[in-house]
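# A look at the structure
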Amino acid sequence: SLCSFLLGASVAALPLLLGSSPSLLAAPGLRGRLALVLHVAGVNAALLLIYPRPLYKIAVRACFLGFAFGCGLLLSAGRSAWRHFGWYMCSLSLFHYSEYLVTAINNPRSLSLDSFLLNHSFEYNLAALSSWVEFTLEKLFFPELKQITWLSTVGLLMVIFGDCLRKAAMLTAGSNFNHIVQNEKSDTHTLVTSGVYGWFRHPSYVGWFYWSIGTQVLLCNPICVVGYALASWRFFRERIEEEEITLIHFFGEEYLEYKRKVPSGLPFIKGVKLEL
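- The name given to the protein chain in an unreviewed UniProt entry is Protein-S-isoprenylcysteine O-methyltransferase, with Helopsaltes ochotensis as the source organism.

As structure tokens, then:
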């Protein structure tokens, strides 16, 4: 998957090969468009020849994310009005690919195509589409709104912080981490309270929460900033309550003591409430 991701990201080297500026995607012209088409076709053909069908499904997804990352680098390197969208493309593609990579390193038994989180849910895909539509419309009618570099920089820092916190949580949890809430306790399942889990009970959710909002701050999308904050907060409130019921069932008093000492990490979310 890593080789395929890097192969897709090699699109960022096209300006060097063509002897053109990094703003290849902002105003590509016929030569630039042809180069992009040939790059995609050539890479896909190589993957089809190298990998059998099951591995090709992994490779093509990793390559697609690498291609998006490379295109994001090209947009970021230019001085066009799409520069901040390039930051977003890099952030989004790297987030999804690193979810798969860290799972492969951490907990290979749970690894699947779903580990890319590309098909996380209909609501997630709809939210992403909404943010692209808002960015495009506001760029057309209020172009100055998309040029607030300091605000986009704040969003980028939120994205970096959120993603790093989530990956730190995944690595700290090791084989205990799974993208799907587990209903049955395995023999190797232990309660992790060290590292970032000493700061928050749910650091992976905290990271994802601020990462998702940060992407919209980065894009200077005022409507989606509010929408993402509300939708993410509601999703994680329900997810945390569901997960904590399972954790209390798994670990009993050990988890209850941990719950009393360490906050959830998300604003106004205390987790499942127990009736005395």
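Now, onward.
## Re the side chain of S131
- Along the chain, the position of S131 falls in helix α6 (residues 122–141).
- You can call S131 buried: its relative accessible area is 0%.
- Side-chain polar atoms of S131 contact the backbone oxygen of A128, separated by 2.7 Å.
- When neighbours within four sequence positions are excluded, S131 is seen to be in contact with Y88, Q216, N221, C224 and Y228.

## A few points about unusual backbone geometry
- Of note, L117 is a non-glycine position whose phi angle comes to about 60°, a positive value.
- If you trace the backbone, L117 turns up in the loop between α5 (83–106) and α6.
- Taking relative accessible area as the criterion, L117 reaches 7% and is therefore assigned buried.
- Even without being glycine, C220 reaches a positive phi, approximately 55°.
- Here C220 is to be found in the loop between α8 (203–218) and α9 (222–251).
- The exposure class assigned to C220 is buried, which follows from its relative accessible area of 4%.

## A closer look at α8
- For α8, spanning 16 residues, the distance from its first C-alpha to its last is 22 Å, which sits close to the expected 22 Å at 1.5 Å a residue.
- By the criterion of burial, α8 is predominantly enclosed, with 15 of the 16 residues buried.
- Of the residues flanking the end of α8, it is C220, one or two places downstream, whose phi is positive at about 55°.

## Regarding the UniProt feature "transmembrane region" (unreviewed entry) in the protein chain
- As annotated by UniProt and renumbered to match this structure, "transmembrane region" (unreviewed entry) occupies residues 36–51, 58–79, 85–102 and 208–231.
- The span residues 36–51 is 94% helix and 0% strand, and its two end C-alpha atoms sit 22 Å from each other.

## Here's the deal with α6
- With 20 residues, α6 extends 28 Å between its outermost C-alpha atoms, agreeing within 8% with the 28 Å of an ideal straight helix rising 1.5 Å per residue.
- Elements in contact with the buried residues of α6: α5, α8 and α9.

## Considerations on the side chain of E138
- Its place among the elements puts E138 in helix α6.
- Owing to a relative accessible area of 9%, E138 belongs among the buried residues under this scheme.
- For E138, the side chain forms a polar contact with the side chain of K146, separated by 2.6 Å.
- Apart from the residues within four sequence positions on either side, E138 is in contact with P143, L145, K146, C220, N221, P222 and I223.

About the thresholds
Residues numbered from 1 in each chain as written. Predicted model: local features only at pLDDT ≥ 70, side-chain atom pairs only at ≥ 80, totals over all residues. Heavy atoms only, no water. Helix = DSSP H or I, 4+ residues; strand = E, 2+ residues; numbered from the N terminus. Buried < 20%, exposed > 50% of the residue type's maximum accessible area, 1.4 Å probe, protein only. Polar contact = N/O pair within 3.5 Å; in protein donor to acceptor, adjacent residues only side chain to side chain. Contact = heavy atoms within 4.5 Å. Expected span 1.5 Å × (residues − 1). UniProt positions renumbered as here; feature names shortened; annotations may be inferred.

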